[in-house]
Amino acid sequence: MKFVCKVPAFQNLRAFPFLHVEAAESSVTFTIFTGETVLHDSYVLYAAPRKTYHSAVYVQVTVPAVVEESGSASFDSKAWKTFLKKDVAVSTDPSGPQVARIIFGLATQVVEVLEEISMPSENTPPLFPIALDLGVSEAISSDTTRPHLNCLHLQTKNGRLQATATDGHRMHRTAAAFEGADFEMTVPLLAVTALEAIKGGDVMCAPGIIRKGATTVRFPSFLVSFPPCDRIIPQGADRTTTLPVKELLRLLKAYPKTPEIAADKDYCSIVLDVSSDGIKITRAGYYERSIAAKTDTLQPGEGFKIGVNSYYLIEALELVGEGATMASYGNLDPLLVKNGDRLAVVMPLRIF
């Protein structure tokens, strides 16, 4: 196999230890992937049988190339770090030891060719255009031992595409119009991270495949059953506050790193003391802040308090944007931040 082309820039190479190269005619396809690791279903009821899931994630891109000889080979992806977006010539000797010569400028690097690795099937189901909003990914759990939370959930129903993520402490959701066959799938965090690194391009989707621009990300479409999140969303809450999002974000982000007053502990928790015309914000070790905000359902002199993690509130406000409203049933009930098709639910903290 001999070819000359530009190597595409792949992000987060550490998470994708393998690289497969396929050269044919006038193009080369690069595929980085995680390998055939498996997850064990250990979080279900003890009476249920344990299951094994294939969890390999593939990121694939095809680029134009001057191909002298068609062929394919797999390498350690680290060997390609120095050649990102550069002109590279690759040559392998099929009759000799399984090695490849990578030439960049005058430098030549000899790379061991890995044993044959099975690649995903080329069969691609019909792809539908979607408006994929990855802003919800902040709420994906990073705990790989909880695969049912270590993913983004996509579901289409009634002509809408709904993207949901949760780590058990907060939940983010967006929705957009969708035209195509209904589907439901979970997208592993590693696949979401790869998609976030791809800039621009229209997005096409089918179960187990998301194509963004010239890059295709393949993954198991259902590792686990996503938890039923709808039940935690407050419905018809009678305490609704219209938030000045830009000013509130500025205030929350302006807390100094050093406490302003003596405090034994600071867990990044804050207490929102809501009245009919404003919100007082209390955080251990800092002076009280206040901001004007209208709560129509409260009479003068009435109010309520709710404790939340300040970072979770900041992420919720950034997801929902200007024009958001805040609602809850009570001090220990979930806090809903919503604006149109964008919403975030933040679980409360106990106030002592």
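Before reading further, recall that the structure is shown in the block above.
Residues numbered from 1 in each chain as written. Predicted model: local features only at pLDDT ≥ 70, side-chain atom pairs only at ≥ 80, totals over all residues. Heavy atoms only, no water.

A. Geometry of the overall build of the protein. Within the protein, the regular secondary structure consists of three helices and 27 strands. For the protein, the spread of C-alpha atoms along the three principal axes comes to 85 × 45 × 40 Å. The buried share of the protein, taken over its 352 residues, is 46%. Taking the contacts inside the protein whose residues are at least 6 apart along the sequence as the reference set, 64% of them involve residues at least 24 apart. Working note: accessible area of the protein is about 18,300 Å², and carbon and sulfur atoms make up 53% of it. For the protein, the separation between the mean place of its 34 positive charges and that of its 38 negative charges on side chains is 5 Å. (Helix = DSSP H or I, 4+ residues; strand = E, 2+ residues; numbered from the N terminus. Buried < 20%, exposed > 50% of the residue type's maximum accessible area, 1.4 Å probe, protein only. Contact = heavy atoms within 4.5 Å. Areas by Shrake-Rupley, 256 points an atom, 1.4 Å probe, with all protein chains shown as cover. Lys, Arg positive; Asp, Glu negative; His and termini not counted. Charge placed at Lys NZ, Arg CZ, Asp CG, Glu CD.)

B. Region of the structure containing helix α3 (residues 310-320). Across the 11 residues that make up α3, a large majority, nine, are buried. Residues of α3 that are buried: S310, Y312, L313, I314, E315, A316, L317, L319 and V320. Immediately beyond the C-terminal end of α3, within one or two residues, lies G321, with a positive phi of roughly 85°.

C. Up close: the pattern of salt bridges. Under the criterion given, the structure shown has nine salt bridges. Between D133 and R342 there is a salt bridge; the shortest N-O distance is 2.4 Å. Here D133, found in the loop between β11 (128-129) and β12 (151-157), pairs with R342, found in strand β27 (residues 342-346); they are 209 residues apart in sequence, far enough to count as distant. The class for R342 is partly exposed, based on a relative accessible area of 26%. Two residues, E315 and R170, come together in a salt bridge whose shortest N-O distance is 2.2 Å. You can see E315 sitting in helix α3 and its partner R170 sitting in strand β14 (residues 170-177), a full 145 residues away along the chain. Residue classification places R170 among the buried residues on the basis of a relative accessible area of 8%. Salt bridges sharing partners connect three or more residues here, namely D167, R170 and E315. (Salt bridge = Lys/Arg side-chain N within 4 Å of Asp/Glu carboxyl O.)

D. Geometry of the pairing of β14. Along β14, six of the eight residues are buried, which leaves the element largely enclosed by surrounding structure. In this structure, strand β13 (residues 160-166) lies alongside β14, joined through seven bridges in antiparallel fashion. If you follow R160 over to β14, its bridge partner there is A177. Bridging between β14 and β27 involves five bridges; their strand directions are antiparallel. Paired with R170 across the two strands is V346, which belongs to β27. (Pairing = 2+ DSSP bridges.)

E. Region of the structure containing the nonpolar core. Within the largest apolar cluster, 86 residues are counted, with the highest numbers of intra-cluster contacts made by F30 and W80. Excluding anything up to four places from it in sequence, W80 contacts V7, L19, V21, F30, F75, V88, V90 and I102. Among the nonpolar cores identified, the runner-up in size contains eight residues, and C151, I233, L336 and L343 belong to it. (Core = buried A, V, L, I, M, F, W, Y, C linked by side-chain atoms within 4.5 Å.)

F. How the structure looks around unusual backbone geometry. Positive phi, close to 55°, is recorded for E25, a residue that is not glycine. One can find E25 in the loop between β2 (18-24) and β3 (27-33). Although it is not a glycine, N158 adopts a positive phi angle of roughly 55°. Looking at the element boundaries, N158 is found in the loop between β12 and β13. Owing to a relative accessible area of 75%, N158 belongs among the exposed residues under this scheme.

G. Quick peek at helix α2 (residues 245-253). Buried within α2 are the following residues: V245, L248, L249, L251 and L252. Projection of α2 onto a plane perpendicular to its axis shows the buried side chains occupying an angular sector of 165°, all on one side. Buried residues belonging to α2 abut β20 (269-275), β21 (278-283), β22 (289-292) and α3. (Arc of directions from axis to C-beta.)

Interpretation in functional terms is not warranted from these geometric data alone.
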